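The primary structure of each chain is shown beneath.
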Amino acid sequence: MTTITWTYENNSAFFKGELSMRTIDVAFEKKTVSTFHNKNVVVDLVDVTKIDTAGLAWILRLVEEAKKTKTEIIFHNLPQDLLKLAKLSAVDLFIPTKI
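Thresholds, definitions, all that
- The numbers attached to residues start from 1 for each chain and follow its sequence in the written order.
- Totals for whole chains, interfaces and linings use every residue, but because this is a predicted model, local features are given only for residues with pLDDT of at least 70 and side-chain atom pairs only at 80 or more, for both listing and counting.
- The basis for every side-chain value is the complete set of heavy atoms in the structure, and neither hydrogens nor water enter the calculation.
- Under the scheme used here, helices are H or I runs from DSSP no shorter than 4 residues and strands are E runs no shorter than 2 residues, and both carry numbers assigned from the N terminus.
- The classification of residues rests on relative accessible area computed with a 1.4 Å probe and restricted to protein chains. Under 20% of the type maximum is buried, over 50% is exposed, and intermediate values are partly exposed.
- By definition, residues are in contact when any of their heavy atoms lie within 4.5 Å.
- How sure the predictor is of each residue is captured by pLDDT, a score from 0 to 100.
- For two strands to be treated as a pair, DSSP must find no fewer than two bridges joining them.
- The axes are straight lines fitted to the C-alpha atoms, using for helices just the contacting stretch, and the angles between their N-to-C directions are given from 0 to 180°.

Considering the environment of Asp44
So, point 1. Along the chain, Asp44 turns up in strand 3 (residues 41-51).
So, point 2. Of the residues examined, Asp44 reaches a relative accessible area of 13% and is grouped as buried.
So, point 3. Separated by 14 residues in sequence, Asp44 and Lys30 have C-alpha atoms that sit 19 Å apart.
So, point 4. Look past the residues within four positions of Asp44 in its chain and what remains in contact with it is Ala13, Phe14, Phe15, His76 and Asn77.

What follows is the structure, encoded as C-alpha cells:
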C-alpha cells in the first residue's frame, strides 16, 4: 500500500513515503495547508521515496499559500526526481530551498 506520513513539530514538517496522486487527496492538502497557515515552516522531504506531478503541484500550493499570508516556507532535502520534474516544468525557481 502506498502511503505518505508526516509529523510536525516546532515549525518543521517531516514527510515519509510517496507524494503522488495516489497519496495526495483533498483532505491531505487541506490538513497540511491549515497546519502551516500563517507560520514560517521548514518542510523536510528526506524520506520521500517517490514524487510525481501531484507532489509538485502540492509543493507549489504551499508556496502560494505562504506568499498569500506573507510567511516563509523552505524545503529541505528535495528528491532528485522532484528537482528534475520542476526544472522540466520550468517552476524550479519558484521552490524556495535551503542547502
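Side note on the confidence of the model for the protein
So, point 1. Mean pLDDT for the protein: 94, with 97% of residues reaching 70 or above.
So, point 2. The lowest-confidence element of the protein is helix 3 (residues 80-88), averaging 93 in pLDDT; the highest-confidence one is strand 2 (residues 12-19), averaging 97.

Details of the sheet that holds strand 2
So, point 1. Ordered by their spatial adjacency, four strands build an open sheet running 1-2-3-4, and the pairing between neighbours is mixed. Here the strands that pair on one side only, and so sit at the sheet edges, are strand 1 (4-9) and strand 4 (73-76). For this sheet the average axis-to-axis angle between neighbouring strands, irrespective of direction, equals 20 degrees.
So, point 2. Pairing of strand 2 with strand 3 involves seven bridges; the strand directions are parallel. Residue pairing in the sheet places Gly17 in a bridge with Val48 of strand 3.
So, point 3. Across the sheet, helix 1 (residues 26-36) is in contact with strand 1, strand 2, strand 3 and strand 4; its angle to strand 1 comes to roughly 10 degrees.

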